[in-house]
Amino acid sequence: MTQVDLLIKNAQVFNVFLKKFIHSDVTIKDDKFYWISDNLANVTAKKVIDLKGKYLIPGFVDAHMHIYSSMTTPEIMGQTIGKYGTTTIIADDHEITNVAGIKGLKNFINQPSPIDIYFGIPSSVPSTNSHMETTGGQIGPDEVKELLKDPRFICLGEVMNFKGMTSPDNTLIKKIIKTCRNIHPTMPLEGHVPAYTGEDLTKVIYAGITTDHTQQTAELVEEKVRNGMFVEVQLKSMHQDVIDTIIKNDFFEHVALVTDDSMPDTLLHSHLNALVKKAIDMGMTPEQAIYISTYTPARHMGLWDRGSIAPGRIADFIILDNPRTLSINTVYKNGLPIENKFKKSDYQFLPSLRSSVKAPKLEINDFKLKTDLINNGQVVANVIQINPVGTFTNHIKVKLEVKNHEVQWKKANLNLIMVQDRYGKNNGNYTLGLVDRGISKDGAVGATWAHDHHNIMIMGTNIKAMLKIQHQLIDEQGGYVVAKGDEIIEDAPLPIGGVVSDEPMTKLGEKISNIRHTLQDLGYKNTNEIMSFSTLSLLVSPQIKISDKGLFDVKSQEKIPLFEKL
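What comes next concerns the included structure. (Residues numbered from 1 in each chain as written. Predicted model: local features only at pLDDT ≥ 70, side-chain atom pairs only at ≥ 80, totals over all residues. Heavy atoms only, no water.)

1. Re the nonpolar core
Rules: Working definition of a nonpolar core: buried Ala, Val, Leu, Ile, Met, Phe, Trp, Tyr and Cys residues. They are joined through side-chain atoms within 4.5 Å. Per-residue accessibility, obtained with a 1.4 Å probe over protein chains only, is compared with the maximum for each type, and a residue is labelled buried under 20%, exposed over 50%, and partly exposed between these values.
The biggest cluster of nonpolar side chains holds 146 residues, and the ones touching the most others in it are Leu434, Trp449 and Tyr480. With 15 residues, the next largest nonpolar core counts Leu6, Ile28, Ile309 and Ala315 among its residues.

Structure (structure tokens):
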């Protein structure tokens, strides 16, 4: 007689290998699945559950996400998304590494969590180079070798530097890729390959990149899969033609659903489960949608011990009332209800992570935009134009009046933007720029949550408000702040590295929701206002972005002057 810990009777069990539900009983022994059969014999169990026909699927595996994007800690992240069925994540925490280097990364990821967290080695610290942006840390081959000693690091995090990957020179990112290949030849190398096609895409794949998660079109999905890439589909890529392409071409072995960036207010109601439900609503069968959110991401990441309900696999599973509506009844982690693992730890983050903003406070005159090109007359400005969907920007030129060397940007309905070194490496050096389609009303927004360098970034139409926000961000050691007129009305402090809060998700989510709605009230138009603003400093996301060292063309990595003569 075989003794097991748990016997689950009368379940409709999703078999990922056959891609269908099968009526079975399931046994669990020592936190793992044991015998799955519709005719169990000689088995006794400490506990028996009769599901009476309910559905059993593996726990969701999110193969590409960022904990810091939810502005929270590993512990709170696990408590938040575990109840939505996500039991394993692969996190790329390059942001905390940009802020605090490998020491800060190790401290951050060692906080316990109720779900299993694996990691990608941060490959983009900095995302470009020190000539283009100031960061608090840097990752090179030596740091990669050190991190690879930790079995939790199972892939190379998203490689963003297209120029570095494709250059004939022996660049830093090429050295990092070579180091990974030498030590772990088969580990996935995650890429950040936005809109690259033809020979540009070929160059990236030839450099060793195996995976892409960026915004997709149907044509890009087809081209990447055809060329051997594994495609991770996030929410902003879930267009009908993309889903139809996956279904029509039976691409299910080559894709996975991922969250990438989940805002705190989104996490108040869903996580990866929302994408699975959306895929079903867009035409996938429940079996197909579940398959690409459990088995394919686990297999792609080499996690053969999860993503399926089979002997020897970790007993992470979800009980569903209805697979088509994806109505979650209960979530189990290691054979126990996940709530059993929600135990608050007394883990302490490094004091240096709580005192990482070292910029000097500015004065009102620092926000006056001036030029020496001309005293009175007109100049041409190179301007960042925000798109209403996604994080890509447009590079436009705008004629502006100049009076006594001061540029009259408000008359052109533009926003002023300022990015300042927060690390104390360049004496608080800052740069000013201009943005089109920012906020249209009187106010400002600012954050240290500014990808990827996470310097202080502030944008607005009211320079008094911009100054107040700059002072506030320094005083509270990081955050996300919005002002109406010249008064701050919403604030979400992020005191851990200037990018993370240790408040409960309910409180943090409400604050971010209030910031989002205030941005909408100020006239900011984008499908994700929070991410749109914060990636105006992301120097690897097309087309033109800004850092503490100036304006840059993303693809060429060339610096762009703010003003040109007529």
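We are not done yet, so read on.
2. Things to note about the pairing of strand β17 (residues 377-386)
The criterion, for reference: Starting at the N terminus, helices and strands are each numbered in turn, a helix being any DSSP run of H or I of at least four residues and a strand any DSSP run of E of at least two. A pair of strands counts as paired when DSSP detects no fewer than two bridges linking them.
Among the 10 residues of β17, 8 are classified as buried, and the element is accordingly described as predominantly covered. Taken together, the 10 bridges between β17 and strand β18 (residues 393-403) define a ladder with antiparallel strand orientation. Across the sheet, the residue bridging to Gly377 is Val402, located in β18. The antiparallel hairpin formed by β17 and β18 contains 6 residues in its connecting segment, where Gly390 sits at a positive phi of about 75 degrees. Pairing of β17 with strand β29 (residues 563-565), which is carried by 3 bridges, proceeds in the antiparallel orientation. Bridging across to β29, Val379 finds its partner in Lys565.

3. Describing the sheet that holds strand β27 (residues 550-553)
Backbone hydrogen bonds are what pair the strands of a sheet, in a parallel or an antiparallel way. Read from one edge to the other, the open sheet built from 3 strands follows the order β26-β27-β28, with strand pairing classed as antiparallel. Strands at the two margins of the open sheet, each flanked by one partner only, are β26 (544-547) and β28 (559-560). Pairing geometry for β26 and β27, over 4 bridges, is antiparallel. By the bridge assignment for β27, Lys545 is matched with Phe552.

4. As for the side chain of Ser534
So the rule is basically this: In protein, a polar contact requires one atom able to donate a hydrogen and another able to accept it; more generally it is a pair of N or O atoms within 3.5 Å, and residues adjacent in sequence count only if both atoms are side-chain atoms. Pairs of residues are marked as contacts when any of their non-hydrogen atoms sit within 4.5 Å.
Position of Ser534 relative to the elements: it lies in helix α14 (residues 529-534). Reaching out from Ser534, the side chain makes a polar contact with the backbone oxygen of Trp449 at a distance of 2.8 Å. Residue contacts for Ser534: discarding those within four places in its chain leaves Trp449, Ala450, His451, Met457 and Tyr480.

5. A closer look at the packing of aromatic side chains
We count it as follows: Pairing of aromatic side chains here covers Phe, Tyr and the six-membered ring of Trp, requires ring centres within 6.5 Å, and sorts the geometry by plane angle: under 30 degrees stacked, over 60 edge-to-face, intermediate tilted. By the criterion adopted, a ring carries a charge over it if an Arg CZ or a Lys NZ lies within 6 Å of its centre and within 35 degrees of its normal.
Inspection of the entire model under this criterion finds 12 aromatic pairs. Between the aromatic rings of Phe317 and Tyr332, the centroid separation amounts to 4.5 Å while the plane-to-plane angle is 10 degrees, which identifies the pairing as stacked. Residue Phe317 is found in strand β14 (residues 317-322), and its partner Tyr332 is found in strand β15 (residues 327-333); the two are separated by 15 residues along the sequence. Residue classification places Tyr332 among the buried residues on the basis of a relative accessible area of 7%. One aromatic cluster is present, built from ring pairs that chain together Phe14, Phe21 and Tyr55. Over the ring of Tyr291 we find Lys19; its NZ or CZ atom is 4.6 Å from the centre of that ring.

6. Here we look at the sheet that holds strand β13 (residues 255-257)
Put simply, the test is: Convention adopted: a line fitted to C-alpha atoms gives each axis, helices being fitted over their contacting stretch, and angles between N-to-C directions are expressed from 0 to 180 degrees.
Strand order in this open sheet of 8 strands is β6-β7-β8-β9-β10-β11-β12-β13, and the pairing throughout is parallel. The strands lining the two open edges of the sheet, one partner per strand, are β6 (60-65) and β13. In the sheet, strand β12 (residues 230-233) pairs with β13 via 3 bridges, with the strands oriented parallel. The residue bridging Glu232 from the neighbouring strand is Ala256, located in β13. Sheet contacts for helix α1 (residues 74-82): β6, β7 (86-92) and β8 (116-121); angle to β7, the most-contacted strand, approximately 140 degrees. Lying over the sheet, helix α5 (residues 172-183) contacts β8, β9 (153-159) and β10 (189-191), oriented at roughly 160 degrees with respect to β9.

7. Examining the pattern of salt bridges
The line we're drawing: When a carboxyl oxygen of Asp or Glu is within 4 Å of a side-chain nitrogen of Lys or Arg, the pair counts as a salt bridge.
If you walk through the whole model with that rule in mind, you get 22 salt bridges. Note that Lys46 and Asp5 form a salt bridge whose closest N and O atoms lie 3.3 Å from each other. Of the two residues, Lys46 is situated in strand β4 (residues 43-50) and Asp5 in strand β1 (residues 2-15); the sequence distance between them amounts to 41 residues. With a relative accessible area of 63%, Lys46 lands in the exposed category. The network of salt bridges with shared partners includes Asp116, Asp305, Arg306, Asp316 and Lys333.

8. Regarding helix α6 (residues 198-206)
The cut-off we apply is this: Working definition: the arc comes from the directions between the helix axis and the C-beta atoms, pointing outward to the latter.
Along α6, the positions that sit buried rather than exposed are Asp200, Leu201 and Val204. Along the axis of α6, the buried residues cluster in a sector spanning 95 degrees; they form a single face. Opposite the packed face of α6, turned more than 90 degrees from it, sit the exposed residues Glu199 and Tyr206. Where α6 is buried, its residues touch α4 (162-166) and α7 (218-226). Looking at the residues trailing α6, positive phi occurs at Gly208, about 120 degrees.

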